[in-house]
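Listed here are the chains, written in short residue letters.
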Amino acid sequence: MTTTEQRPQSKTDPLGPGYKVAGQEMRYRDAFNKTLRDELNHDPDVFIMGEDISGGFDKDTKEPLDAWGGPFAATKGLVQDFGPERIRDAPISEAGFVGAAIGAALTGLRPVVDLMYFDFVTVAYDQLLSNAAKSRYMFGGQTKVPITLFARSGAGTGHAAQHSESFYSMLAHIPGLKVVVPSDPYSCRGLLSAAIRDDDPVFLVNDKKLINLTGFVPDESYVIELGKGRYLKRGKDVTLVGMSYTSIVCKEAADKLAGQGIDAEVIDMMSLSPFDEDILLESVMKTNRVVIVDEDTPRASMASEFAAVIADKAFDYLDAPVKRVTAPHTPVPYNRGLENAFMPKPDDVVATVLKMMAR
Amino acid sequence: MTELTHEKLTWLYTTMYRIRRFEETMLEQTFKGNAMGVTHPSDGQEAVPTGICAHLTVKDWIGSTHRGHGHCIAKGLETRRMMAEIMGRATGQCKGKGGSMHIADFSKGMLGTNAIVGASVPLAVGAALTAKYRGKESESIGVSFFGDGATSQGVVHESMNLAAIWKLPVIFACENNGYAEATPAWYAVSTDDISSRAEGYGIPGVQVDGMDVFAVYDAAGQAVARARRGEGPTLLDLKTYRYHGHFHADDPTKYRKAEEEAAYKARDCLKSFEERVTAQKLMTGDELSKIRDSIEAEMVDAVQFALDSPMPDEAELYSDVYVSYSNPLLGLR
């Protein structure tokens, strides 16, 4: 794997990304776009496919217009520089074009697929499960499927039940597939580059709430090792475990808890499959308390999986039961008040920690 | 009928007979308990993969189905490694981890037999996309084999639309044996002319007698040439018949009429080939008999090779899930 890092992604580095390297503040969406451009330049076998990724064609010249530049402008400007063969606009055929991308990956290319909303995974799920994830295994290791998929997840933007899913566990459950969830522009860039360069199928989930947030991004290209978490804040009293946007929820909760004299440690998982058992166990064995925060619905979720691993391997270190703060077992509602109630919020985390500490 | 060289005729007969005897031998072994799972024989349908793959090279890619032994053989896979795979052996085509429904050989341009009906169709489209991406349509096309049952699957239609709008070098080869498991096509498919589906995608659709290898060869030749010229996909509706049930233990007499089976068997692809080439003095009975003898010996060897082969090591349970992963035991134990 081409995983030479610009600097070590140390999980003990509380300063987070970009420390002591040249870089700039940028939006998550711009970091994403910049990374796609880097990877298209890095390897001629990389191409991008998805609905409206250039978006619109001139009726007379048949040339792509880049009117959309992809959902949330993720691929804006790329078709001008790389052309319609490498920035391939696809019809609304998720199963068909994901399958075609897998066929292209099996025959030597490195497709990157934009699935628009995370919910659309289910339309292409058979291709992901039966072909992308299983081909290597069922064919006895003869082949590999170096495909990267990405989509937008999460509630909080009024997209309602069918455009707001966070069902990470539906993908993490599949042997053969890798799942990564960046939480800021730095992790977005490092994980996306790593995903595209990785020889296994990787799904990268972008929470919509992150897309316009800004953060530091190094100028030089780098990768973050798949399967590793990181500490966003060091602390000694309780471990807060976040993934994707809930890592930000955890950080905000930790700030609030600090005001009440509670020193919380915050872990950002970054990868959900494989995931970093070591960082979970290391932290929990130190703080002896853990709250896992997940915007997915709770049954058979990543929160449940992390809780099971901690109960299995760090039971004797726990001073309190493992707690999960998740969405309820409901679809995502449209009404803003209901939607807000659906999502895990810093105050929910704080309340859970206070109750736990009062034991 | 296209003029065929003696070499090509020999290849056609050898391939069809190899498929026929592989399926029969595989069934014998299945009933002896030597196969480790479900098998789906394709005997009766040999003319289809043979007539099509006769136009392909190792650089072309095929996608296949649960009834895929014939496709594998026509694309050049070794019968001994296929037999070993069906017997779950370490020497099998996929180390015994795939079985009959997951046999692939990427060195031969074979993307795998596939147990989800219709699911391999977009893979062949993707292989064709790779060829187009690299400007190699003239030397690498995708052929998708699927059955009449798959024509009711959405992803098959999506694949045809994609191949049509992107003008990809693909052959959609519908092996129309009239039955999806036990359900007849007249019940499940809204037309009795599957080739007419092509009209909806603006591509050529051709009905072909899938019991006649010469008819298949001619129709496939035109479709392959069109694909290699960069003119896009073709749908072939190849009418054929499976002599056995859906899977090894299925009794097709429960849902098919004896007269229907007899009518197809009267047009058996091997028998009609033999009659035709000997009548036209293109091959001698002696030549054909020598081919059959060599295949019989090959089958004996394939079975013996498989039976003599070791079972996979238990560590194989964990291998090949990922190319790279931090935990070698995948966190299972």
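Source: prediction; values computed, not measured.

## Considering the interface of chain A and chain B
Contacts between the two partners involve 49 residues from chain A, matched on the other side by 43 residues from chain B. Surface buried jointly by chain A and chain B totals about 3,600 Å² across both partners, of which 61% is contributed by carbon and sulfur atoms. Inspection of the region where chain A meets chain B yields one salt bridge. At the junction of chain A with chain B, the criterion picks out 23 residue pairs in polar contact (both at pLDDT 80 or more). Within the residue set of the side of chain A that touches chain B, elements represented by two or more residues are β2 (46-50), α2 (78-86), β3 (87-89), α3 (94-106), α4 (125-132) and α5 (135-138) of chain A. Top contributing element to the side of chain A that touches chain B by residue count: α3 of chain A, with ten residues. Across the side of chain A that touches chain B, the residue classes break down as 21 nonpolar, 15 polar and 13 charged.

## Some points on the sheet that holds strand β13 (residues 290-294) of chain A
Residue and element names in this part refer to chain A. Across the sheet, which stays open at both edges, the five strands sit in the order β9-β11-β10-β13-β14 with mixed pairing between neighbours. Each end of this open sheet is capped by a strand with a single partner; those strands are β9 (230-233) and β14 (323-326). Going across the sheet, the axis of each strand differs from the next one's by a mean of 25°, ignoring polarity. Taken together, the five bridges between strand β10 (residues 238-242) and strand β11 (residues 264-268) define a ladder with parallel strand orientation. Among the inter-strand pairings, L240 is bridged to a residue of β11, identified as V266. Set on the sheet, helix α9 (residues 277-287) makes contact with β9, β10, β11 and β13; between it and β11 the angle comes to about 175°.

## A look at the domain arrangement of chain A
Residue and element names in this part refer to chain A. The domain architecture assigned to chain A consists of domain 1 (3-218) and domain 2 (230-356). Centre-to-centre separation of domain 1 and domain 2, based on C-alpha positions: 26 Å. Every contact between the two is made by 35 residues of domain 1 and, on the other side, 32 residues of domain 2. Both sides together, the interface formed by domain 1 and domain 2 hides about 2,700 Å², and carbon and sulfur atoms give 58% of it. Run the count over domain 1 and domain 2 and you get two salt bridges. A salt bridge links R230 to D184; the nearest nitrogen and oxygen atoms lie 3.0 Å apart. Where domain 1 meets domain 2, there are 17 residue pairs in polar contact (both at pLDDT 80 or more).

## Overview of the sheet that holds strand β6 (residues 178-180) of chain A
Residue and element names in this part refer to chain A. The mixed open sheet is built from seven strands, whose spatial order is β3-β2-β4-β5-β7-β6-β12. This sheet does not close on itself; its edge strands, each paired only once, are β3 and β12 (271-273). Here the average twist between neighbouring strands, direction ignored, is 20°. Note that β2 and β3 share three bridges and pair parallel. Across the sheet, the residue bridging to I48 is I87, located in β3. Across the sheet, α3 is in contact with β2, β4 (110-117) and β5 (148-153); its angle to β4 comes to roughly 165°.

## Re the layout of surface pockets
All names here are of chain B. In this structure, the second largest pocket encloses a volume near 370 Å³. Taken together, 26 residues make up the lining of the second largest pocket; nearest its centre are H66, V117, G149, A180 and H246. When residues of the lining of the second largest pocket are traced back to their parent elements, those giving at least two are β2 (142-147) and β4 (179-180). Looking at which element gives the most residues to the lining of the second largest pocket, the answer is β2, with three residues. When the residues that make up the lining of the second largest pocket are grouped by side-chain class, the tally is nine nonpolar, twelve polar and five charged.

## Looking at the confidence of the model for chain B
Per-residue pLDDT for chain B averages 96, and the proportion of residues at 70 or more is 97%. Listed scores for the predicted complex are pTM 0.95 and ipTM 0.96.

## Some remarks on the environment of K95 of chain B
Its place among the elements puts K95 of chain B in the loop between α4 (79-86) and α5 (121-133). The exposure class of K95 of chain B is partly exposed, given its relative accessible area of 24%. A C-alpha to C-alpha distance of 25 Å links K95 of chain B and H246 of chain B, two positions 151 residues apart in sequence. Every residue in contact with K95 of chain B, bar those within four places of it in the chain, is listed here: G140 of chain A together with E85, R89, A90, P312, E316, S319 and D320 of chain B.

## Thoughts on the confidence of the model for chain A
Do not read the fine detail of predicted coordinates wherever pLDDT is low. Overall, the prediction assigns chain A a mean pLDDT of 93, with 94% of residues at 70 or greater. Low confidence marks residues 1-18 of chain A, where pLDDT is under 50. Its contacts with residues over four positions away, or in another chain, come to 45 contacts.

## Digging into helix α6 (residues 154-165) of chain B
For α6 of chain B, spanning twelve residues, the distance from its first C-alpha to its last is 17 Å, which sits close to the expected 16 Å at 1.5 Å a residue. Here α6 of chain B has its buried residues at V155, V156, S159, M160, L162, A163 and A164 of chain B. Elements in contact with the buried residues of α6 of chain B: α3 and α4 of chain A together with α5, β2, β3 (170-176) and β7 (234-239) of chain B. Taken from the residues just after α6 of chain B, K167 of chain B is the one with a positive phi, measuring 50°.

Definitions and cut-offs
Residues numbered from 1 in each chain as written. Chains lettered and ligands numbered in written order. Predicted model: local features only at pLDDT ≥ 70, side-chain atom pairs only at ≥ 80, totals over all residues. Heavy atoms only, no water. Contact = heavy atoms within 4.5 Å. Buried area = accessible area lost by both parts, 1.4 Å probe. Salt bridge = Lys/Arg side-chain N within 4 Å of Asp/Glu carboxyl O. Polar contact = N/O pair within 3.5 Å; in protein donor to acceptor, adjacent residues only side chain to side chain. Helix = DSSP H or I, 4+ residues; strand = E, 2+ residues; numbered from the N terminus. Nonpolar A, V, L, I, M, F, W, Y, C, P; charged D, E, K, R; others polar. Pairing = 2+ DSSP bridges. Axes fitted to C-alpha atoms, helices over the stretch in contact; angles between N-to-C directions. Domains from an automatic or database assignment. 1 Å grid on protein atoms, 1.4 Å probe; cavity = no way out; pocket = protein on both sides within 12 Å on 5 of 7 lines; lining within 4 Å. Points joined across faces, edges and corners; volume = space filled by probe spheres on them. pLDDT = per-residue confidence, 0-100. Buried < 20%, exposed > 50% of the residue type's maximum accessible area, 1.4 Å probe, protein only. Expected span 1.5 Å × (residues − 1).

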